[in-house]
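Coordinates in review
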Amino acid sequence: MSESNLVKTVRLSGELEIGRKDEIRRALAASTDGAPVLLDLSDVTYADSIALTELLRFCAEAERESRPVALVIQTPQFARLIQYAGLATVFKVFEHPTDALAYLTERLRQ
Amino acid sequence: MAGILATERTVSGRAGQLAPLAMTLGIMLLVVATLIAGGFLLRATVSKAFNDAERIRLARTHVAMMFAQQLNEETGLRGYAVVRLPIMLEPYYGGRANLPLYFRRVRADLTKLDIPSTLTALRDAGRTNYRWVHEIAFPIIRSRARHTTLELRGKVYVDRFRADTNAIDRALAARTVAVNTRAQGALLWIGGFAVAAVVAVILAATVFTIQQYRLGIRLEHERTAYETEKRIADILQDAFGERLLPSLPSVGFSATYVPATEQAKIGGDWYDALQLSEDRVLVAIGDVTGHGIDAVVAMNKARQLLIGYALIDATPAGVLERVNVDLVRGKSPLITAICGIINTRTREFAYACAGHPPPVVVEPQGHAKLLDFGSLPLGVAVKTDYHTSRVQLLPGAMLVLYTDGLIEHSRDLALGEAALLEAAEAVAALAAPDPAAEIRDRIFRDRKVSDDVAILTVRFAENSAGATSTRRIA
Amino acid sequence: MKQQPSVLRLRCPAQSRFVASLRHALASFLRAHDFSGQQLDDVTTAAGEALANIVEHAYAAASAEVERFISLRANVDAKGTLALEVYDGGKFVQRRPVPGRGFGLRIIRAIAGRMTIDTSDGTRLRMIFERKR
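Model, not experiment: these values are computed from the prediction.

Here the focus is the overall build of chain B. Across its full length, chain B carries 8 helices and 10 strands. With 474 residues in all, chain B has 37% of them scored as buried. The long-range share in chain B, meaning contacts at least 24 apart out of those at least 6 apart in sequence, stands at 73%.

Have a look at this one:
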């Protein structure tokens, strides 16, 4: 799953919605090791609050383990969903994977 | 022998300077070329890696899109199975239209990237979708029944399709890692070369600077050495310039030394006349091959050795043999010499010759002849045999020892010898007070001195009224 | 294949696997009535949240014999006003927002300026949207 040797990348695509809750949970659970995580959600076409909850759970866990998480979101609907849910300050969202990687490697040095 | 001020100095300057300069320039040019090439290579590597990563990324997006079409088909079918309205089938028809498009795109991407396992998975996904459409979708769409079991089987197909696309995605992710690792490796190499190039430049510049510094010091040394040489020459000239000749009642000595060039004051030729004991006088003459301070040093050494051994060895041959051994061992230049011992009471002249021109004897009656000569010069081989010749001289006879400068003024040795004999006879007849100078003047009246000349004459008194010795004239 | 009813009426079991189907149908319906861009996304999202909310919570306290269904109704009038209604037969439970849960209603409120919840008979969630053009 990794694209860089330091950062672990998890890709989710398609519709992240209630009907695929288990699938989403499995995909996120499979990525727990010590590395920072880049959640590549650039190919996500739709997301709902159930997916947000799963993502939030994942990020909270990572926070407890002091692992930084960066999200790559390119779909307007998804970005707005996070705004509507009032979670804009909770997730570290980037439009481009390179920016997300830069943020994570910066956090690594600290 | 030429004097030491005509010494040639090895000019180490010119040739020695060009080589390191050329080398340094060469290295720097090479380094600049390497850096430029490295720059291009760096750019090419980075853009290739970026392009590769982009291509893989795009492939992964296409794979995700393809799976999304399968899910769309499933969403549409599932909705329609429950709400039998055509509007529910729109996602299904959307998927049916787009899945082949993405399928072909993915196939093109994977073929270009050349990962065979992914093409196998793709083919399986294609087959699985086909079966899902025909075995699951068509029956459900055509018939109004619920087909719960079909739906369950449909899930199995969709799960399999998902497994295939996940496998392809994992392979692409692995390829990205490989691409990145390769790019990092290439960048490290390029970086390494750049660093090495910079280090090489610094080294070359340092070496060049050191070289120039050393050269400067060497030139300074040589300048100092030359001045020292000149000082030594002047000192030696003062030291050995005075050649006192023995003053004896029955034997008269005269000598002269003519250097080849005006500047040279002493050279490799020498003569000695030394009283060893009441009856015995050492006469010696010698000629060192070579020039400069080395010749003078060698001459001096030979001279000292000869005198030293003459004091302990009775025979001229023995003396020369001992001197020869020392000179060979000391790696001396070749020296021709005559060592002679005159018994002033018996007028016997015993001598040994080491490759030197033959002594001349002028009989009291006035006839000049050459004596025996031969053997190897001194300093050739340790086991050289020398031979003592004994000549009985009569009162009024004159002996002339000389160096080859006196007879080699013309190319014809025979002519030179003839001229010498003629001059010797004439001078003996004249009974001149300084026969050596007279002989010199006669020989070189019309001729040029091309090599150093030393002349030593020994005259036996006709009666016991005494004979005069003449100091040397330089 | 596209049909253009002025009213969309859908009903299916209140299971998570049907939510996407309903959402897609609504989106098709809205596109057919010239809804597009951000508004289309927002309305679809609001509907999706409402449907998910029903699936997750509506029948939590219900007994086994109650039919667990979702009903979606969408209507666009000549002026381009969309009336969207999501109906279920369960009891609406107003959940206090617990940290980490319950974003659905917050999202709906953020999107739908006019929203009413009628709990007299089951739970009826109504949203009104003016088509933007």
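Along its length, chain C carries 3 helices and 5 strands. Split into buried and exposed, the 133 residues of chain C put 41% on the buried side. Contacts spanning at least 24 positions in sequence make up 68% of the contacts within chain C whose residues lie at least 6 apart.

All right, on to the sheet that holds strand 5 (residues 348-354) of chain B then. Residue and element names in this part refer to chain B. Taking strand neighbours across the sheet as the criterion, the 5 strands line up as 2-3-4-5-8 in an open arrangement whose pairing is antiparallel. Two strands bound the open sheet, and with one partner strand each, they are strand 2 (269-275) and strand 8 (388-392). Taking each pair of neighbouring strands and ignoring which way they run, the sheet shows an average axis angle of 15°. Summarising the sheet, strand 2 and strand 3 (residues 280-288) pair through 7 bridges and their orientation is antiparallel. Bridged to Asp-272 within strand 3 is Ala-284. Seen against the sheet, helix 5 (residues 292-312) touches strand 2, strand 3 and strand 4 (335-343) and runs at an angle of roughly 155° to strand 3.

Strand-to-strand pairing in sheets goes through backbone hydrogen bonds, with the strands running parallel or antiparallel. Residue and element names in this part refer to chain B. The sheet built from 5 strands is open, its strands ordered 1-10-9-6-7 with antiparallel pairing. Both outer strands of the open sheet, strand 1 (251-258) and strand 7 (368-370), are each paired with one neighbouring strand and no more. Across this sheet, the average inter-strand angle for adjacent strands is 15°, counted without regard to direction. In the sheet, strand 1 pairs with strand 10 (residues 453-460) via 8 bridges, with the strands oriented antiparallel. Bridging across to strand 10, Val-251 finds its partner in Phe-460. Its contacts with the sheet place helix 7 (residues 413-430) against strand 6 (360-362), strand 7 and strand 9 (398-402), and it is angled at close to 35° to strand 6.

This brings us to the interface of chain C and chain A. The interface is formed by 19 residues belonging to chain C together with 18 residues belonging to chain A. Among the elements of the structure, helix 1 (16-32), helix 2 (37-58) and helix 3 (103-111) of chain C are those that each provide at least two residues to the side of chain C that touches chain A. Ranked by the residues each element gives to the side of chain C that touches chain A, the list is headed by helix 2 of chain C, at 7 residues. When grouped by side-chain class, the residues that make up the side of chain C that touches chain A number 8 nonpolar, 6 polar and 5 charged.

Here we come to the packing of helix 7 of chain B against helix 8 (residues 435-443) of chain B. All names here are of chain B. Where helix 7 contacts helix 8, the axes come no closer than 9 Å and their chain directions differ by 135°. As the angle between them shows, helix 7 and helix 8 are arranged oblique. Crossing hand, helix 7 versus helix 8: right-handed. Between helix 7, through Ala-419, Leu-420, Ala-423, Ala-424, Ala-426, Val-427 and Leu-430, and helix 8, the contact on the second element is made entirely by Pro-435, Glu-438, Ile-439, Arg-442 and Ile-443. When the residues that make up the contact of helix 7 with helix 8 are grouped by side-chain class, the tally is 10 nonpolar, no polar and 2 charged.

Across the contact, 15 residues belong to chain C and 12 residues belong to chain B. Elements with a contribution of two residues or more to the side of chain C that touches chain B: strand 1 (7-13) and helix 1 of chain C. If one sorts the elements of the side of chain C that touches chain B by residue count, helix 1 of chain C sits on top with 9 residues.

Let's shift gears to helix 2 (residues 49-64) of chain A. Residue and element names in this part refer to chain A. Its 16 residues place the ends of helix 2 22 Å apart at the C-alpha level, agreeing with the 22 Å of an ideal helix rising 1.5 Å per residue. Among all positions of helix 2, only Ser-49, Ile-50, Ala-51, Leu-52, Glu-54, Leu-55, Phe-58 and Cys-59 are buried. Of the residues one or two after helix 2, Ser-66 is the one with positive phi, at around 55°.

A separate point is helix 3 (residues 116-142) of chain B. Counted at 1.5 Å a residue, the expected span for helix 3 of chain B with its 27 residues is 39 Å, and the 38 Å between its end C-alpha atoms agrees. A bend of about 30° at Val133(B) is the largest found in helix 3 of chain B.

Moving on: the nonpolar core. By size, the foremost hydrophobic cluster in this structure holds 109 residues, and its most contacted members are Leu38(A), Leu22(C), Leu26(C) and Leu51(C). Here this core gets 13 residues from one element, more than from any other, and that element is helix 1 (residues 13-82) of chain B. Look past the residues within four positions of Leu22(C) in its chain and what remains in contact with it is Gly79(B), Leu10(C), Cys12(C), Leu51(C), Ile70(C) and Leu72(C). In terms of nonpolar packing, the next biggest core, distinct from the first, is built from 69 residues, Ala273(B), Val281(B), Val323(B) and Leu401(B) among them.

Attention now moves to the packing of helix 2 of chain C against helix 3 of chain C. Geometrically, a packed helix pair is captured by the angle between its two axes and the distance between the axes. All names here are of chain C. Running from N to C, helix 2 and helix 3 point in directions that differ by 150°, and their axes come no closer than 9 Å. Put simply, helix 2 runs roughly antiparallel to helix 3. The handedness of the crossing between helix 2 and helix 3 is left-handed. Between helix 2, through Asp-42, Thr-45, Ala-46, Glu-49, Ala-50, Ala-52 and Asn-53, and helix 3, the contact on the second element is made entirely by Gly-104, Leu-105, Ile-107, Ile-108 and Ile-111. Of the residues assigned to the contact of helix 2 with helix 3, the class counts are 7 nonpolar, 3 polar and 2 charged.

A few words now on the confidence of the model for chain C. Mean pLDDT for chain C: 87, with 89% of residues reaching 70 or above. Reported confidences for the modelled complex are a pTM of 0.60 and an ipTM of 0.90.

Turning next to unusual backbone geometry. Residues and elements named next belong to chain B. Of note in the backbone geometry, Arg-347 takes a positive phi value of approximately 60° without being a glycine. Relative to the assigned elements, Arg-347 resides in the loop between strand 4 and strand 5. Within the chain, Ser-375 stands out as a residue other than glycine whose phi angle is a positive 65°. Position of Ser-375 among the secondary structure elements: in the loop between strand 7 and strand 8. C-beta crowding within 10 Å serves as the criterion here: with 19 such atoms nearby, Ser-375 is assigned to the partly exposed category.

This part takes up the environment of Asp269(B). All names here are of chain B. Structurally, Asp-269 is set in strand 2. Note on Asp-269: 26 C-beta atoms within 10 Å, which makes it buried. With 11 residues separating them in the primary sequence, Asp-269 and Val-258 have C-alpha atoms 9.6 Å apart.

Moving on, we come to the pairing of strand 3 of chain B. Residue and element names in this part refer to chain B. Summarising burial for strand 3: 8 of the 9 residues are buried, a large majority. Between strand 2 and strand 3, which pair antiparallel and follow one another directly, the connecting turn spans 4 residues. With 9 bridges joining them, strand 3 and strand 4 adopt antiparallel strand pairing. Paired with Val-283 across the strands is Gly-340, a residue of strand 4.

With that out of the way, let us pick up the environment of Phe94(A). Residues and elements named next belong to chain A. Within the secondary structure, Phe-94 sits in strand 4 (residues 93-94). Note: C-alpha distance between Phe-94 and Ala-70 (24 residues apart in sequence) is 7.2 Å. When residues no more than four places from it in sequence are discounted, the contact partners of Phe-94 are Ala-70, Leu-71, Val-72, Asp-99, Ala-100 and Tyr-103.

Conventions we followed
- Residue positions are given per chain, counted from 1 along the sequence in the order it is written.
- Labels follow written order: the first chain is A, the first ligand is 1, and so on.
- Local features in this predicted model are restricted to residues whose pLDDT is 70 or higher, and side-chain atom pairs enter the listing and the counts only when it is 80 or higher, whereas totals over whole chains, interfaces and linings include all residues.
- Numbering goes from the N terminus for both helices and strands, where a helix is a DSSP run of H or I of at least four residues and a strand is a run of E of at least two.
- Here a residue counts as buried when 20 or more other C-beta atoms sit within 10 Å of its C-beta, as exposed when there are 12 or fewer, and as partly exposed otherwise, the C-beta atoms being derived from the backbone.
- Any pair of residues counts as being in contact when their C-beta atoms, constructed from backbone geometry, are within 7 Å of one another.
- Note: two strands are recorded as paired if DSSP finds a minimum of 2 bridges between them.
- Throughout, an axis means a line fitted to C-alpha atoms (over the contacting stretch in the case of helices), and angles, computed between N-to-C directions, take values from 0 to 180 degrees.
- Gly is placed with the polar residues, together with every amino acid not listed as nonpolar (Ala, Val, Leu, Ile, Met, Phe, Trp, Tyr, Cys and Pro) or charged (Asp, Glu, Lys and Arg).
- Angular relationships are summarised with four words: roughly parallel below 35 degrees, roughly antiparallel beyond 145, roughly perpendicular across 65 to 115, and oblique for the angles in between.
- Take the far helix as the reference: if the near one is turned anticlockwise from it by less than a right angle, the crossing is left-handed, and if turned clockwise, right-handed.
- What a helix is expected to span follows from its residue count: subtract one and scale by 1.5 Å.
- To get the bend at a given residue, fit one axis to the seven residues ending there, fit another to the seven starting there, and take the angle between those axes.
- The nonpolar core is taken to be a set of buried Ala, Val, Leu, Ile, Met, Phe, Trp, Tyr and Cys residues joined by way of C-beta atoms within 7 Å.
- Confidence of the predictor at the level of single residues is captured by pLDDT, which takes values from 0 to 100.

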